[in-house]
Amino acid sequence: MFPAGTELNDVAEALGRLLSGEECPERLLLVAGDEQVGATSSAYLRTVLGMQAPRGPGDEVRAAAPGESTRFSVIAFRCAVCGSRAYTAFYDDRYRPVCQSGDHGPMELR
């Protein structure tokens, strides 16, 4: 929340500090004075401000590159009992996702 009349550069600087923090929210509601002036995601705001997402141990140099990978695809699984879903980037029958909604066992490949 910013006071009415706050300069745009001051808002951008404050949002940059927020995005650099350890606990940054995924979604942001921008309020100036008493008026809601916009909503955005932290990922989009990082793009607009030219910031990279924070990286953790094991992240590669291109881990935060925009766009979809051309080398991997998402594999979907579904519980035959309740229909809940799970997704992974690899398939090995020994490690199929197990339904978390109940004692329904391993999920099936969709």
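Before reading on, note that the structure itself is shown above.
What counts, and where the lines are drawn
- Residues numbered from 1 in each chain as written.
- Predicted model: local features only at pLDDT ≥ 70, side-chain atom pairs only at ≥ 80, totals over all residues.
- Heavy atoms only, no water.
- Helix = DSSP H or I, 4+ residues; strand = E, 2+ residues; numbered from the N terminus.
- Buried < 20%, exposed > 50% of the residue type's maximum accessible area, 1.4 Å probe, protein only.
- Areas by Shrake-Rupley, 256 points an atom, 1.4 Å probe, with all protein chains shown as cover.
- Pairing = 2+ DSSP bridges.
- Phe/Tyr/Trp six-rings, centres within 6.5 Å; stacked < 30°, edge-to-face > 60°.
- Core = buried A, V, L, I, M, F, W, Y, C linked by side-chain atoms within 4.5 Å.
- Contact = heavy atoms within 4.5 Å.
- Polar contact = N/O pair within 3.5 Å; in protein donor to acceptor, adjacent residues only side chain to side chain.

A.B. asks: Can you lay out the overall build of the chain for me, pointing to particular residues and giving the numbers?
C.D. replies: Across its full length, the chain carries two helices and five strands. Element order for the chain, N to C, with α for helix and β for strand: α-β-β-α-β-β-β. Counting only residues that meet the buried cut, the chain has 21% of its 110 residues in that class. Surface exposure of the chain reaches about 8900 Å², of which carbon and sulfur atoms provide 51%.

A.B. asks: Explain the pairing of strand S3 (residues 75-78) to me, and be specific about the residues and the numbers.
C.D. replies: Of the strand pairs in this sheet, S3 and strand S4 (residues 85-88) are connected by four bridges, and their pairing is antiparallel. Within the sheet, the bridge partner assigned to Arg 78 lies in S4 and is Arg 85. Where S3 hands over to S4, the hairpin turn is made up of six residues, of which Gly 83 adopts a positive phi near 85 degrees. Where S3 and strand S5 (residues 108-109) come together, two bridges link them in antiparallel fashion. From the neighbouring strand, Phe 77 faces S5, where its bridge partner is Leu 109.

A.B. asks: Break down the packing of aromatic side chains for me, citing the residues and quoting the values.
C.D. replies: What the rule picks out here adds up to one aromatic pair. Pairing Phe 77 with Tyr 91 gives two aromatic rings, centres 6.0 Å apart and planes at 15 degrees, and the pair type is stacked. Separated by 14 residues along the polypeptide, Phe 77 in strand S3 and Tyr 91 in the loop between S4 and S5 bring together distant segments of the chain.

A.B. asks: Can you break down the nonpolar core residue by residue, with the values?
C.D. replies: A general feature of soluble globular proteins is that nonpolar side chains tend to end up buried together. Judged by nonpolar contacts, Phe 2, Val 11, Ala 14, Leu 15, Leu 19, Cys 24, Leu 28 and Leu 45 together constitute the single largest core of eight residues. If you tally residues by element for this core, the top one is helix H1 (residues 8-20), at four residues. Discounting residues that sit within four places of it in the chain, Phe 2 has contacts with Val 11, Ala 14, Leu 15, Val 31, Ala 32 and Gly 33. Grouped together as the second largest cluster of nonpolar side chains are five residues, Phe 77, Cys 79, Ala 86 and Cys 99 included.

A.B. asks: Please provide a residue-by-residue account of the side chain of Thr 88, values included.
C.D. replies: With respect to the helices and strands, Thr 88 occurs in strand S4. Separated by 3.5 Å, the side chain of Thr 88 and the backbone nitrogen of Phe 90 make a polar contact.

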